[in-house]
Amino acid sequence: MLAVDGDEITIGILNPDGSHAEMSGNGTRIAAAWLMSQTGSDIARVRVAEREVEVRSVGDGQYESAMGVVEVSPAEVVAGVELTPVSVGNPHAVVVGEPERIGELGPLLETDPRFPKGTKVQVARVDGPGEVTARVWERGVGETSASGTSAVAVAAATHGEGEVLVHFPGGDLRVRLADDRAWLTGPAEPLGD
């Protein structure tokens, strides 16, 4: 599904398993960058399910997305693993630990009954103030190289406020957190012609 109206675009996102994604940080940024390339504007609004994300070009192929409200729940133990549930319009389970454990913890937590619709899982290591390294287990997909909403979830679960650089195997994303809201900055580039 795709609908364009001026500087606004509505998209639907399907996971490889056929399920609908409620939100995609990277997907909304890519859709907005495409729309800006068509309109010549520096701002676009992208609607996905219940959320509208405003994205603006900040130069050098980077785009900042106003991701909206982030809900961080108290830490809990699920399947013997301590995690922090986070909602960025879609569900996340953030585990603080060694990112190499994603292949073990991702499938264990993704379909746990605690998450009736499944969840994205991140295993994150805090490298220092404002810096985190993480890996992602995408709901219905398996491990992926990067995720925009996962960057927001990891930053919110590990830092709460301020600027956070999140390192993924697929590249870095920047998150700014203030007043329970998040802004995500990352690249969007066309692939070939």
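Residues numbered from 1 in each chain as written. Predicted model: local features only at pLDDT ≥ 70, side-chain atom pairs only at ≥ 80, totals over all residues. Heavy atoms only, no water.

Caption draft 1: A look at the overall build of the protein chain. The helix and strand inventory of the protein chain stands at three helices and 17 strands. Expressed along its principal axes, the backbone C-alpha trace of the protein chain runs to roughly 50 × 35 × 35 Å. The buried share of the protein chain, reckoned over its 193 residues, is 46%. In the protein chain, 53% of the contacts between residues at least 6 apart in sequence involve partners at least 24 apart. Carbon and sulfur atoms provide 49% of the accessible area of the protein chain, an area that totals close to 9,300 Å². Positive and negative side-chain charges in the protein chain, numbering 15 and 30 respectively, have mean positions lying 2 Å apart. (Helix = DSSP H or I, 4+ residues; strand = E, 2+ residues; numbered from the N terminus. Buried < 20%, exposed > 50% of the residue type's maximum accessible area, 1.4 Å probe, protein only. Contact = heavy atoms within 4.5 Å. Areas by Shrake-Rupley, 256 points an atom, 1.4 Å probe, with all protein chains shown as cover. Lys, Arg positive; Asp, Glu negative; His and termini not counted. Charge placed at Lys NZ, Arg CZ, Asp CG, Glu CD.)

Caption draft 2: Fine view of the packing of aromatic side chains. Overall, the coordinates contain zero aromatic pairs when judged by the stated rule. The ring of Trp183 carries Arg176 above its face, with NZ or CZ at 4.3 Å from the centroid. (Phe/Tyr/Trp six-rings, centres within 6.5 Å; stacked < 30°, edge-to-face > 60°. Lys NZ or Arg CZ within 6 Å of the ring centre and 35° of its normal.)

Caption draft 3: Inspection of the side chain of Ser150 at higher detail. Position of Ser150 relative to the elements: it lies in helix 3 (residues 148-158). Aside from chain neighbours lying at most four places away, what touches Ser150 is His92, Lys120, Gln122, Val136 and Phe168.

Caption draft 4: Main features of the pairing of strand 10 (residues 81-87). The element strand 10 is largely enclosed, with a buried count of five among its seven residues. Bridge count for strand 8 (residues 71-72) against strand 10 is two bridges, and the pairing is antiparallel. Bridge pairing links Val72 to Val86 in strand 10. Where strand 9 (residues 76-78) hands over to strand 10, the hairpin turn is made up of two residues, of which Ala79 adopts a positive phi near 55°. Here strand 10 runs beside strand 11 (residues 91-96); their pairing, made up of four bridges, is antiparallel. Of the residues in strand 11, the one forming a bridge with Pro85 is Ala93. Between the end of strand 10 and the start of strand 11, which pair antiparallel, lie three residues, with Gly89 showing a positive phi angle near 90°. (Pairing = 2+ DSSP bridges.)

Caption draft 5: Molecular detail of the environment of Lys117. Within the fold, Lys117 resides in the loop between helix 2 (102-110) and strand 12 (120-128). Given a relative accessible area of 70%, Lys117 falls into the exposed group. Counting along the chain gives 27 residues from Lys117 to Asn90, while the straight-line C-alpha distance between them is 9.9 Å.

Caption draft 6: A look at the pattern of salt bridges. Within the structure shown, the criterion is met by twelve salt bridges. The shortest N-O distance in the salt bridge between Arg47 and Glu52 comes to 3.8 Å. (Salt bridge = Lys/Arg side-chain N within 4 Å of Asp/Glu carboxyl O.)

Caption draft 7: Highlighting the environment of Phe115. Here Phe115 lies in the loop between helix 2 and strand 12. Sequence separation between Phe115 and Ala153 is 38 residues, and the spatial gap between their C-alpha atoms is 16 Å.

Caption draft 8: Structural detail: the nonpolar core. With 40 residues, the main nonpolar core has Met67, Val152, Val166 and Val175 as its most contacted residues. Per-element tally for this core: the top contributor is helix 3, with six residues. In this structure Val152 touches Met67, Val70, Val88, Val175, Ala182 and Leu184, once residues within four positions along its chain are discounted. Counting twelve residues, the second largest nonpolar core, distinct from the first, contains Leu83, Ala93, Val123 and Trp137. (Core = buried A, V, L, I, M, F, W, Y, C linked by side-chain atoms within 4.5 Å.)

Caption draft 9: Representation of the pairing of strand 16 (residues 171-178) within the structure. When strand 15 (residues 162-168) meets strand 16, the two strands line up antiparallel, connected through seven bridges. In the strand pairing of strand 16, Val166 is matched with Leu173. In this antiparallel pair of consecutive strands, strand 15 and strand 16, the connection spans two residues. As paired strands, strand 16 and strand 17 (residues 181-187) are joined by five bridges and run antiparallel to one another. Across the sheet, residue Arg174 finds its bridge partner in strand 17, namely Thr185. With antiparallel pairing between neighbouring strands as the criterion, strand 16 and strand 17 make up a hairpin whose turn holds two residues, including Asp179 at a positive phi of roughly 55°.

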